[in-house]
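Spelled out from the first residue to the last, the chains are:
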Amino acid sequence: MSRVHLVAWTILLGFGGFVIYESLQLNYYGSDFGPGPGFFSFWLGVLVILVSLWEVTRTLPRLHEAVPADFFPDGAGVRRILALIGALVAALLLMGTLGYSITILLFSVFLLRVLATQPWWLTLVLSLGASFGTFFFFRALQVYLPVGFLGI
Amino acid sequence: MESLQQLMAGFAVALTVKNLLFATAGCILGTLIGVLPGLGPAAGTALLIPITFRLEPTSAIIMLAAIYYGAMYGGTITSVLINVPGEAASVVTCMDGYEMAKKGRAGAALGIAAIGSFFGGTVATFGLVLVALPLSRFALTFGPPEYFALLCVGLSLVMGLAGKSLTRALIMGIVGLIFSMVGVDPVEGAPRFTFGITKLMDGVGFVPVVMGFFGIGEILLNAEKSLAGVMAESGKVSSFFPRRDEWRICATSILRGTGLGFFLGLIPGTNSAVAAFMSYVVEKKVSKHPEKFGTGVIEGVAGPETANNAYANAALIPLFTLGLPGSPTIAILMGALIMNGLMPGPLLFQQHADFVWAVIASLYIGNVILLILNLPLVGWWAKLLKIPYQTLVVLILVFCMIGAYSLNNSIFDIGVMIFCGILGYGFKKLDFPMAPAILTLILGPMMEQHLRESLSLSQGSYAIFFTRPISLFFLAVTAAILATSAWQALPSSIREGSKDAQV
């Protein structure tokens, strides 16, 4: 497990460096008295580096510790996670063009039919409810969800 | 005495059939909105404001207040049943409430939350009547240094939530603070960490981050195994009441939670998450078995839920007396008041006394309505567990997207949610606690603003924090909390070594 944590803390170490670099592009002192826009974030970056360095040095001597067998998902698990993330990103990209209802209809059909292997009738009923059902429910509550080029 | 007379007059207004119906409708709608994963009290109250447009101001605010605390309880239901907190205050409830649900005790968790919320809410409302005026005078003496020092107390509690590793909690707190820096600098208007993306100028929204960390992150983690049947592991629902041996523990937790939530509710600048987090920390500290926290202990639900609701009622005091909203939801209520031609502030009690006291009276009534509605309905809500997980996943994802989108009508916020979901998945895998990040994300902007305003007042001198007694007191409390937490985090060998040296 320590190897995994070493990687995580090293990434955080880099993140701290990035925060400091970005903060230095801003004014450390304000135009008024006291700190400027870069003050707080600079010291937060320093704290990230200090905490990460402490953890990296603590983790290094324990690198021989084995990673638990179930830490990494199996092939099917990885495919499911990637499919979920892919579906979310696709929905994000399509929502502006296709609108909420059609995007969520496609999104739900994909999740229910392909990932959850539900029967077609259930997939369609649930997908219509999740897409057009929620669209009109929220419209009744005066929450207007994105509308696409088809006007829905 | 004068307060009591006015309260009676308020009851006369609040107990009219019309206002009772609005309070009941508000409680039901609020709970429903709170139950929908992804829509917390802030988003729920905001999206139901239009419903009250045509009502007269008193009825409108009575209904919105009922929606507000109904949604708070709704958030508890999703936290316990599906580990998706509706808002920050419910994050704490997930820790033990969801674990109780996994052990088949979802009913007991929801039951004690309803009882605790009722008790905390009722006592807080009674306290509201007694201390509103004198306390508002005291809080009027707070300036930016006092607020900054008070927020330091809130942030130091991050340490108390350390869980298994102090450094992991600390780094998550810092990550939350860095997230809160994104956007336009509150004092000078300079863009920070926006990378040229205009949408980031408004900062990172709280709702997308919470939805991502908790909603999407949890689903990705569950997807490792299989989308089928995960919900079944959450167990069966049996009794809605705690076991006999748990009543005494619950009673003391509820009393502590009431005091804590009420006190914090009086202080503008805090929020219900701080009340819930602080109550959890206190319960853990006083417990005989602190190591069991996070595995499904009932006081881990009773204390924070009571504190949360006591806070929700007490938080209306600074709003009504000072015009200061203590949380995003209270800010939305404030907006609704202004829309109805009522400017919250010290003059509200004088110019619209009938309105204020009617709303306060309706809070009592609302707490009774919530208890009557919730205890019998706990079983009905618990039936959510029986919905197959793969079906629920689609609903959770859709409501997360709606929740992330609807606050600012921004598709970009859905992107932020997905990004935070992937981050949340990683953090969960590595056992990094996410609650500190959520707390600091809320407190960060207020803290920075008060720090910089204080230093402007003192012309750059940090002595301003140590020369003002209230500020100094809060900083001393912060130091004490930090020192205690750091000491407890030391390996036992070092602590024992130190004891030996003293002997």
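No experiment lies behind these values; they were computed from the predicted model shown. Position numbers for residues count from 1 along each chain, tracking the sequence in the order it is written. Key to labels: chains lettered from A, ligands numbered from 1, both in the order written. In view of the model being predicted, local features appear only for residues whose pLDDT reaches at least 70, and side-chain atom pairs are presented and counted only at 80 or more, with totals across whole chains, interfaces and linings using the full set of residues. Calculated side-chain values reflect all of the structure's heavy atoms, with hydrogen atoms and water omitted.

**Observations concerning the overall build of chain A**
Put simply, DSSP H or I for four residues or longer makes a helix, DSSP E for two residues or longer makes a strand, and each gets a number counted from the N terminus. Looking only at helices and strands, chain A features five helices and zero strands. If you list the helices and strands of chain A from N to C, you get α-α-α-α-α. Only C-alpha atoms enter the radius of gyration, while the globule expectation follows 2.2 Å times N to the 0.38, with N the number of residues. Computed over C-alpha atoms, the radius of gyration of chain A comes to 24 Å, more than 25% over the 15 Å expected from 2.2 N^0.38 for 152 residues, which places it beyond the range of a compact globule. Taken along the three principal axes of its C-alpha coordinates, chain A extends 55 × 55 × 25 Å. Think of it in three bands: residues with accessible area under 20% of the maximum for their type are buried, residues over 50% are exposed, and the middle band is partly exposed, with areas taken using a 1.4 Å probe on protein chains only. By residue count, 46% of the 152 residues in chain A fall in the buried class. Whether two residues touch is decided by their heavy atoms; if any such pair falls within 4.5 Å, the residues are in contact. Once local pairs closer than 6 in sequence are excluded, the contacts in chain A between residues at least 24 apart make up 59%. Only the protein chains shown count as cover for residues, and the accessible areas themselves come from Shrake-Rupley with a 1.4 Å probe. Put simply, chain A shows about 7900 Å² of open surface, and 73% of that area lies on carbon and sulfur atoms. The distance from the centre of the 7 positive side-chain charges to the centre of the 6 negative ones in chain A is 15 Å. Residues scored as positive are Lys and Arg, those scored as negative are Asp and Glu, and His as well as the terminal groups of each chain are ignored. Charge positions come from single atoms, namely NZ of Lys, CZ of Arg, CG of Asp or CD of Glu.

**Some words on the overall build of chain B**
Tallying secondary structure elements over chain B gives 22 helices and two strands in all. Residue burial in chain B is summarised as follows: out of 503 residues, 63% are buried. By sequence separation, contacts in chain B at least 24 residues apart represent 78% of the contacts at least 6 residues apart. Accessible area of chain B: about 18200 Å², with a carbon and sulfur share of 68%.

**Comments concerning the pattern of salt bridges**
Residues and elements named next belong to chain B. The working definition used for a salt bridge is a side-chain nitrogen of Lys or Arg within 4 Å of a carboxyl oxygen of Asp or Glu. On inspection of all chains with the given rule, the structure shows 14 salt bridges over all chains. With a closest N to O distance of 2.6 Å, Lys18 and Glu56 form a salt bridge. Residue Lys18 is found in helix α2 (residues 17–35), and its partner Glu56 is found in the loop between α3 (41–48) and α4 (57–82); the two are separated by 38 residues along the sequence. By relative accessible area, which is 38% here, Glu56 ends up partly exposed. Across the pair Glu99 and Lys102 runs a salt bridge, and its minimum N-O distance is 3.7 Å. Residue Glu99 and its partner Lys102 are located together in helix α5 (residues 88–102), separated by three residues, close to a single helical turn. Judged by relative accessible area, Glu99 falls into the partly exposed class, the value being 22%. One connected set of salt bridges, linked through shared partners, spans Arg105, Arg243, Asp245 and Glu246.

**Overview of the confidence of the model for chain B**
Residues and elements named next belong to chain B. Here chain B shows a mean pLDDT of 79. Residues at 70 or above account for 82%. A residue's pLDDT is the confidence the predictor assigns to it, expressed on a 0 to 100 scale. Averaged over each element, pLDDT in chain B is lowest for helix α22 (residues 492–502) (55) and highest for helix α18 (residues 411–429) (93). For residues 230–235, every residue scores under 50 in pLDDT, and the model assigns this stretch 20 contacts once sequence neighbours within four places are set aside. For residues 499–503, every residue scores under 50 in pLDDT, and the model assigns this stretch zero contacts once sequence neighbours within four places are set aside. Interface scoring of the predicted complex returns ipTM 0.94; its pTM is 0.73.

**Some points on a nonpolar patch on the surface**
To count toward a patch, a residue needs a relative accessible area over 30% and no salt bridge; like charges are then connected within 9 Å, while nonpolar side chains (Val, Leu, Ile, Met, Phe, Trp, Tyr) are connected within 5 Å. Residues Phe18 of chain A together with Phe195 and Ile197 of chain B make up a contiguous nonpolar surface patch of about 270 Å² in total accessible area. Counting through the fold element by element, Phe195 of chain B comes out in the loop between β2 (191–192) and α9 (206–223).

**Observations regarding helix α1 (residues 2–24) of chain A**
Because an α-helix completes one turn every 3.6 residues, residues spaced three or four positions apart along the sequence face the same direction. Helix span, expected: 1.5 Å multiplied by one less than the number of residues in the helix. Under the 1.5 Å per step criterion, the end-to-end length of α1 of chain A is 33 Å for 23 residues, consistent within 8% with the ideal 33 Å. For α1 of chain A, the set of buried residues is Ser2, Val4, His5, Leu6, Ala8, Trp9, Leu12, Gly16, Val19, Ile20, Glu22 and Ser23 of chain A. Against the buried residues of α1 of chain A lie α2 (39–59) of chain A together with α8 (166–181) of chain B.

**What about α8 of chain B?**
An ideal rise of 1.5 Å per residue puts 22 Å on 16 residues; α8 of chain B measures up with 23 Å between its terminal C-alpha atoms. Where α8 of chain B ends, the next residue or the one after it, Gly183 of chain B, has phi of about 120°, a positive value.

**Side note on the packing of aromatic side chains**
In this description, an aromatic ring pair is defined by two values, namely the gap between the centres and the angle between the planes. Any two rings among Phe, Tyr and Trp, with Trp reduced to its six-membered ring, count as a pair given centres within 6.5 Å; such a pair is stacked if its planes are under 30 degrees apart, edge-to-face if over 60, and tilted if neither. In total, this model carries 15 aromatic pairs over all chains according to the counting rule given. Here the aromatic rings of Phe473 of chain B and Phe474 of chain B are separated by 5.7 Å at their centres, their planes lie at 50°, and the arrangement is tilted. Exposure remark for Phe474 of chain B: the relative accessible area of 9% places this residue in the buried category. Among the aromatic residues, those joined into a cluster by ring pairs are Trp9 of chain A together with Phe213, Phe427 and Phe432 of chain B. Remark: a charge is flagged as sitting over a ring if the NZ atom of Lys or the CZ atom of Arg is within 6 Å of the ring centre and within 35 degrees of the ring normal. One residue, Lys429 of chain B, lies across the ring of Phe71 of chain A, its end atom 4.7 Å from the ring centre.

**Quick notes on the nonpolar core**
Note on terminology: a nonpolar core comprises buried Ala, Val, Leu, Ile, Met, Phe, Trp, Tyr and Cys residues joined through side-chain atoms within 4.5 Å. Of all hydrophobic cores here, the largest spans 188 residues; its most connected members are Phe107 of chain A together with Phe213, Phe320, Leu397, Met401 and Met417 of chain B. Of all the elements, α4 of chain B adds the most residues to this core, at 16 residues. Beyond its immediate sequence surroundings of up to four residues, Phe213 of chain B is in contact with Glu218, Cys420, Gly421, Leu423, Gly424, Phe427, Lys428, Met434, Ala437 and Ile438 of chain B.

**A word on the interface of chain A and chain B**
Listed per partner, the contact involves 65 residues of chain A and 59 residues of chain B. Both sides of the chain A and chain B interface together cover about 5200 Å² of buried area, and 81% of this is carbon and sulfur. Counting across the chain A and chain B interface gives zero salt bridges. In protein, a polar contact means a hydrogen-donor-capable atom and an acceptor-capable atom, both N or O and within 3.5 Å, with residues adjacent in sequence counting only if both atoms are side-chain atoms; elsewhere, any N or O pair within 3.5 Å suffices. At the junction of chain A with chain B, the criterion picks out six residue pairs in polar contact (both at pLDDT 80 or more). Looking at the side of chain A that touches chain B, the elements with two or more residues in it are α1, α2, α3 (75–98), α4 (100–115) and α5 (120–140) of chain A. Sorting elements by how many residues they give to the side of chain A that touches chain B places α3 of chain A first, with 11 residues. Residues are grouped as follows: Ala, Val, Leu, Ile, Met, Phe, Trp, Tyr, Cys and Pro are nonpolar; Asp, Glu, Lys and Arg are charged; every other residue, Gly included, is polar. Tallied by class, the residues present in the side of chain A that touches chain B amount to 44 nonpolar, 15 polar and six charged. By buried area we mean how much accessible surface two parts lose on assembly, using a 1.4 Å probe and totalling the loss over both.

**Considerations on empty space enclosed by the protein**
All names here are of chain B. Residues are called lining when one of their atoms sits within 4 Å of a cavity or pocket point, these points coming from a 1 Å grid over the protein atoms alone, where a cavity is a set in which a 1.4 Å probe fits but cannot get out and a pocket is an open set with protein on both sides within 12 Å along at least five of seven lines. Grid points are joined across faces, edges and corners, and a volume is the space filled by probe spheres set on the points. Overall, the coordinates contain five cavities of 30 Å³ or more when judged by the stated rule. Quantified by volume, the second largest cavity comes out at close to 60 Å³. If you trace the second largest cavity, you find it lined by Tyr73, Ala114, Ser117, Phe118, Asn309, Asn367, Leu370, Leu371 and Asn374. Going through the elements one at a time, α6 (106–139) and α16 (353–382) are the ones with two or more residues in the lining of the second largest cavity. Top contributing element to the lining of the second largest cavity by residue count: α16, with four residues. For the lining of the second largest cavity, the residue count by class is five nonpolar, four polar and no charged.

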